Amino acid sequence: QVQLVESGGGLVQPGESLRLSCAASKFTLDYYAIGWFRQAPGKEREGVSCFSSSDGSTYYVDSVKGRFAISRDNAKNMVYLQMNSLKPEDTAVYYCATAYGRWCDGVGRPTDFSSWGQGTQVTVSS
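Structure report, in brief.

Here is what the cut-offs are and how they apply
- Residues numbered from 1 in each chain as written.
- Predicted model: local features only at pLDDT ≥ 70, side-chain atom pairs only at ≥ 80, totals over all residues.
- Heavy atoms only, no water.
- Helix = DSSP H or I, 4+ residues; strand = E, 2+ residues; numbered from the N terminus.
- Polar contact = N/O pair within 3.5 Å; in protein donor to acceptor, adjacent residues only side chain to side chain.
- Salt bridge = Lys/Arg side-chain N within 4 Å of Asp/Glu carboxyl O.
- Buried < 20%, exposed > 50% of the residue type's maximum accessible area, 1.4 Å probe, protein only.
- Disulfide = S-S within 2.5 Å.

### What about the side chain of Ser 53?
The residue Ser 53 is located in the loop between strand S5 (46-52) and strand S6 (58-60) in this model. At a separation of 3.2 Å, a polar atom in the side chain of Ser 53 contacts the main-chain amide nitrogen of Tyr 31. Here Tyr 32 takes part through its backbone oxygen, which lies 2.8 Å from a polar atom of the side chain of Ser 53.

So, in structure tokens, the structure goes:
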């Protein structure tokens, strides 16, 4: 099973940027659907973005389109989420996740992903 560790979260002001990183240990990220999710206090975990290693397709939830970008560095076995023009509504714990043998056809649902990191806190506040 892939082991994942997120990093890069922090406290920023509205309009600023962060880049989240997800380090994958043990196995290559080939043959995986790779997703970013977030969960705010009192809310359900939602899919933010998904990267399909089979064809490189990417998907984003409507609320982050044009602001966030998911990418992968194959050599380093890393996945990134570039977050620009951050808003207070983006405040949440962010998780990366993988699903072996799967591909993305949208941002994904949490129940479809089997391997999860521990999360990194992103707080956007003035």
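### Comments concerning the pattern of salt bridges
Per the stated rule, a full pass over the model turns up five salt bridges. Across the salt bridge formed by Arg 38 and Asp 90, the nearest N and O atoms sit 2.9 Å from each other. Of this pair, Arg 38 sits in strand S4 (residues 32-39) while Asp 90 sits in the loop between strand S8 (78-83) and strand S9 (92-100), placing them 52 residues apart in sequence. For the pair shown, Arg 38 and Asp 90 are each scored as buried. A salt bridge links Arg 67 to Asp 90, with the nearest nitrogen and oxygen atoms 2.8 Å apart. On the criterion of sequence distance, the pair formed by Arg 67 in the loop between S6 and strand S7 (68-73) and Asp 90 in the loop between S8 and S9 is long-range, its members being 23 residues apart. Across the pair, exposure class does not vary: Arg 67 and Asp 90 are buried alike.

### Some words on the state of the cysteines
Applying the stated criterion to the full structure yields two disulfides. Across the disulfide from Cys 50 sits Cys 104; the S-S distance is 1.9 Å. Disulfide Cys 50-Cys 104: the torsion about the S-S bond is -65 degrees, which places it as left-handed. Here the residue Cys 50 occupies a position in strand S5, and Cys 104 occupies one in the loop between S9 and strand S10 (115-116), the gap between them amounting to 54 residues. Looking at Cys 104, the relative accessible area reads 7%, which means it is buried.

Nothing here speaks to function; it is all geometry.
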